[in-house]
Structures are given as structure tokens and as C-alpha cells.
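Here is what each chain is made of, one letter per residue.
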Amino acid sequence: MSDGGVIVLDKPAGVSSAAALHPVKRAFPKRTRVGHAGTLDPFATGVLLALVGDATRLSSLAMGLPKTYRATVRFGTATDTLDPEGTVVAQADPGPGAPVGLAEALAVFLGEREQLPPAYSALKVGGRRAYALARAGREPTLAPRRVVVHAIELLDARWPDAEIEVTCGAGFYVRAMARDLGDALGLPAHLSALRRTAIGPFRAGDGCAPEEATPQHVRPMLEVVRAAGVPEVAVGLEEARRFCAGSAVPAAAADGPVAVTTGEGVLVGLGDACGGTARPRTVFAAARRALA
């Protein structure tokens, strides 16, 4: 039941998230599924979770984990992509030093709020990616989305740059935060550098370079489940077999989504608990093979 897990990668700058997976795929047998949870733009560095084998089915859980970034916002210049890879679209003198209201402007981002996604994003508008429309000279119409910031802090202000640490939920665009922070201060701004230091408990310091990834770097799928706070229901081998076959198993102390594990703490699948039982929603192939 070990045919899957997560590898913590420390993605370098200059490669896409998809390209960062190429050396990881070469480290495993052909036809092994390898995906990632939470895209990083090519200019950005840091934690990229590579999901291997059965763990690809945990993508939604992994993507829902809080993410921590160290972002450098440059004031006085705005780009069409809101990052250093775009074309400059506005410039202004940022002044000799950081404005007095910088920390107060940052505090506004804390908690839940509406955020307008960047025009250059992978969101779909009428069946097409927003960035494809933007590159074609058509301004995509995007609706604001509800996002959450758990923590935000000004680390340093070497004007016209400000280094900010932010911990946020899914769907938050740090590029959009740079734009909005500039707007709040009356200055054009863009995100000039970005490093993702953590996704949930998975930290950049624990990661390896993509070309260094091996099967020995795989961490158990259960780490993702536990990081997401999904309750665990431990069952015996016979109950695990029944769960794999599509039958419900006892889950007296749980209600809602659960992770079904063996007594040894090995993940069998995900289910939905109600009325004292858990019915299977996802059963992992490795579990089926091992319990057959």
C-alpha cells in the first residue's frame, strides 16, 4: 500500500511547475502518475508538492492547505502581468522612502476579503484561459473572488521595495495583492520576487531540487490527509477489504469526510461518514492490490 506519496520540491526560478516535474517523472517507472498541487509561476521559487501515484487523487486536499510566501513588492512601476515578466504599463516616482501608511495598508488584507484575479491568470472566461485572452489583446472580464489571509507582516522596506510575508488560503493571488497594495498607497506596483516557503506543514527547507528527487524522497500520503485535518477511522483488515469492495465500514465517532486507515496507520481510502458508518468515496489502487 505504498504506491503513492508526496515529494516536497524546492522549485528554482526560470522553470514552470509542469517542467519541474519532468525529472521527477524520470525517477519513477513509466506510467507512474505524477502531478503537482498549487502552481508556481516560472519566476517564483519554493515549495511545490509533487504528488506521485495514488497521491494524485489527493490534489484537492493538498491545494486547500494554507500557503506561506515571502514576496517582494516594487513600488513605482506596474506591469501588465503584475510580475517581473510583464511589460511596464505605468511608472511614477515612489518618493525617497516608504510611506507612513505602508503597515496600515497591509493590515487591510488580513482576514476574508474580495480580490480581483489578475488578467494574466489560468482562470477560464467563456471556455478560454484568461491569460490567452489578455495576450490576444482582449481584456478578460473576471469577477472578484472571496479569499482569506491568515497572517501578513512587513519584514523589510528597502524602498522602493517592500518584503512581505503572507500566509493565505486557496485562490489568493500574491500578484494581485501587490497591485492592490500599490493602489492603496497611490503608486503603481508589481510583484518583483516571490518564494513560497511552506504549504501547510511542508516547508522549503525540507525540499529537494527537482533533478535530485528519487523514490526515497516520497513521504506518506497520510501526511497530506492529516495536514488537511481529515478525521481518521481505523479499521481491521476485513473491514478494509469491504471498504475497497464498496461497502460501508463502522465509523461511530465521525461525521462528514473521513480517511479510512488500517490499524497500522496505512491509508486505504477516503469516505463520507454518517449515522455511524463510512461509505467509500475514493479507494486507492495500492490498497486494493495489497488487500486482495
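Use the structure listed above.
Rules of the game
Residues numbered from 1 in each chain as written. Predicted model: local features only at pLDDT ≥ 70, side-chain atom pairs only at ≥ 80, totals over all residues. Heavy atoms only, no water. Helix = DSSP H or I, 4+ residues; strand = E, 2+ residues; numbered from the N terminus. Buried < 20%, exposed > 50% of the residue type's maximum accessible area, 1.4 Å probe, protein only. Contact = heavy atoms within 4.5 Å. Lys, Arg positive; Asp, Glu negative; His and termini not counted. Charge placed at Lys NZ, Arg CZ, Asp CG, Glu CD. Pairing = 2+ DSSP bridges. Expected span 1.5 Å × (residues − 1).

## A look at the overall build of the chain
Thinking step 1. On a plain count of helices and strands, the chain comes out with nine helices and 18 strands.
Thinking step 2. With respect to the three principal axes, the spread of C-alpha positions in the chain is 70 × 40 × 40 Å.
Thinking step 3. Across the 292 residues in the chain, those meeting the buried criterion constitute 46%.
Thinking step 4. The long-range share in the chain, meaning contacts at least 24 apart out of those at least 6 apart in sequence, stands at 68%.
Thinking step 5. Charge centroids of the chain, computed over 32 positive and 29 negative side chains, lie 9 Å from each other.

## Some points on the sheet that holds strand S17 (residues 267-274)
Thinking step 1. Spatially, S14-S16-S17-S18-S15 is the arrangement adopted by the five strands of the open sheet, whose pairing is mixed. The sheet is open, and its two borders are formed by strand S14 (232-235) and strand S15 (249-250), each paired with just one other strand.
Thinking step 2. Alignment of S17 against strand S18 (residues 277-283), held across six bridges, turns out to be antiparallel. Of the residues in S18, the one forming a bridge with Ala 273 is Ala 278.

## Remarks on the side chain of Asp 180
Thinking step 1. Tracing the backbone through its elements, the reader meets Asp 180 in helix H6 (residues 174-185).
Thinking step 2. For Asp 180, the residues in contact, after removing those within four places along its chain, are Phe 109, Arg 113 and Gln 115.

## A few points about the pairing of strand S4 (residues 67-75)
Thinking step 1. Along S4, seven of the nine residues are buried, which leaves the element largely enclosed by surrounding structure.
Thinking step 2. Of the pairings in the sheet, the one linking S4 to strand S11 (residues 161-168) comprises eight bridges and is antiparallel in character. Its bridge partner being in S11, Arg 70 is matched across the sheet by Glu 165.
Thinking step 3. Of the pairings in the sheet, the one linking S4 to strand S12 (residues 189-199) comprises nine bridges and is antiparallel in character. Within the sheet, the bridge partner assigned to Arg 70 lies in S12 and is Arg 195.

## Some remarks on unusual backbone geometry
Thinking step 1. The omega torsion across Trp 159 and Pro 160 is 10 degrees, close enough to zero to call that bond cis.
Thinking step 2. Relative to the assigned elements, Pro 160 resides in the loop between strand S10 (145-158) and S11.
Thinking step 3. In the Ramachandran plot, Arg 31 falls in the positive-phi region, its phi being about 75 degrees despite a non-glycine side chain.
Thinking step 4. Counting through the fold element by element, Arg 31 comes out in the loop between helix H2 (22-26) and strand S2 (34-37).
Thinking step 5. The residue Leu 82 is not glycine, and still its phi comes out positive at about 70 degrees.
Thinking step 6. Relative to the helices and strands, Leu 82 resides in the loop between strand S5 (77-79) and strand S6 (88-91).
Thinking step 7. Judged by relative accessible area, Leu 82 falls into the buried class, the value being 11%.

## Thoughts on H6
Thinking step 1. Taking 1.5 Å of rise per residue, 12 residues should cover 16 Å, and H6 covers 17 Å from first to last C-alpha, within 8% of that figure.
Thinking step 2. Counting buried positions along H6 gives nine out of 12 residues, so the element sits mostly inside the fold.
Thinking step 3. For H6, the set of buried residues is Val 174, Arg 175, Ala 176, Met 177, Ala 178, Arg 179, Asp 180, Leu 181 and Gly 182.
Thinking step 4. Buried residues along H6 sit in contact with S4, helix H4 (102-107), strand S7 (111-115), S10, S11 and S12.
Thinking step 5. Residue Gly 186 follows H6 closely and has a positive phi angle near 75 degrees.

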